[in-house]
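Chain residues, written in single-letter form:
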Amino acid sequence: MSEISYLAQGVELPPINQTAVNEWIAQVAQRHGRVVGDLTYIFCNDEKILEVNRQYLQHDYFTDIITFDYSSRKRISGDMFISLDTIKSNAELFKRAYNEELMRVIIHGVLHLCGINDKGPGEREIMEMHENEALAILPNNAIER
């Protein structure tokens, strides 16, 4: 049995409808030939994500998400640290609604676990295309009001 967990460190848990988001994640994974295993989302602030980035990846910069991949074959599993501070900054920078940026980053981690990369030539555009496809099927009730 798989489990998707949502935790918060130093921030409030975002007001997401976990049931709706879990179903959306499973649907997106299925579209990429994967099934959902154990996923943990750890929502945090910039300070924590910088600490994780330095400690585990030897990167000295802020980022919106860090994905640790524990997938096995077609079953995706992993821990994903998401900085809500960077989500807010990026939403402003890219002129997107905060909730849209949050959902984009949540699914970005899942897409990484499905094998989609975004660091090489042309890969960022491919990742963004998959993010947009996933956002197009996001349930209207994914964010609690």
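Note: the structure precedes this text.
So, here is what we can say about the structure in this document. Just so it is clear, the model here is predicted, and its values are computed rather than measured.

### Here's the deal with the environment of P14
Next, step 1: Among the secondary structure elements, P14 is positioned in the loop between strand 1 (4-8) and helix 1 (18-31).
Next, step 2: Each C-alpha atom of the pair P14 and L102 lies 8.8 Å from the other, and the pair is 88 residues apart in sequence.
Next, step 3: Ignoring sequence-local partners within four residues, the contact set of P14 consists of F43, L84 and L102.

### Overview of the packing of helix 4 (residues 98-113) against helix 5 (residues 123-136)
Next, step 1: Here helix 4 crosses helix 5 at 115°, and the two axes come no closer than 9 Å. For the pair helix 4 and helix 5, the sense of crossing is right-handed. From helix 4, E100, M103, R104, I107, H108, L111 and H112 reach across to helix 5, where they touch M127, E128, H130, E131, N132, A134 and L135.
Next, step 2: The residue inventory of the contact of helix 4 with helix 5, partitioned by class, reads 6 nonpolar, 4 polar and 4 charged.

### What about the packing of aromatic side chains?
For any pair of aromatic rings, the description consists of the separation of the ring centres together with the inter-plane angle of the planes.
Next, step 1: Going through the model one piece at a time under the given rule, you end up with 4 aromatic pairs.
Next, step 2: Aromatic pair Y6 and Y41: ring centres 5.5 Å apart, planes at 5°, arrangement stacked. One end of the pair, Y6, is in strand 1; the other, Y41, is in strand 2 (residues 35-44), with 35 residues separating them in the sequence.
Next, step 3: Taken together, the aromatic side chains of Y6, Y41 and F43 make up a single cluster linked through ring pairs.

### Some remarks on helix 1
Next, step 1: The end-to-end C-alpha distance of helix 1, which contains 14 residues, comes to 20 Å, matching closely the 20 Å that a straight helix rising 1.5 Å per residue would cover.
Next, step 2: Buried within helix 1 are the following residues: A20, V21, W24, I25, V28 and A29.
Next, step 3: Tucked inside the fold, the buried residues of helix 1 contact strand 1, strand 2, strand 4 (75-83), helix 4 and helix 5.
Next, step 4: Measuring from the side-chain oxygen of the N-cap residue of helix 1 to the backbone nitrogen of T19 gives 3.2 Å; that N-cap residue is N17.
Next, step 5: With its phi angle positive at about 75°, G33 sits one or two positions after the end of helix 1.

What counts and what doesn't
- Residues numbered from 1 in each chain as written.
- Predicted model: local features only at pLDDT ≥ 70, side-chain atom pairs only at ≥ 80, totals over all residues.
- Heavy atoms only, no water.
- Helix = DSSP H or I, 4+ residues; strand = E, 2+ residues; numbered from the N terminus.
- Contact = heavy atoms within 4.5 Å.
- Axes fitted to C-alpha atoms, helices over the stretch in contact; angles between N-to-C directions.
- Left-handed = near helix turned anticlockwise from the far one by under 90°.
- Nonpolar A, V, L, I, M, F, W, Y, C, P; charged D, E, K, R; others polar.
- Phe/Tyr/Trp six-rings, centres within 6.5 Å; stacked < 30°, edge-to-face > 60°.
- Expected span 1.5 Å × (residues − 1).
- Buried < 20%, exposed > 50% of the residue type's maximum accessible area, 1.4 Å probe, protein only.
- Polar contact = N/O pair within 3.5 Å; in protein donor to acceptor, adjacent residues only side chain to side chain.

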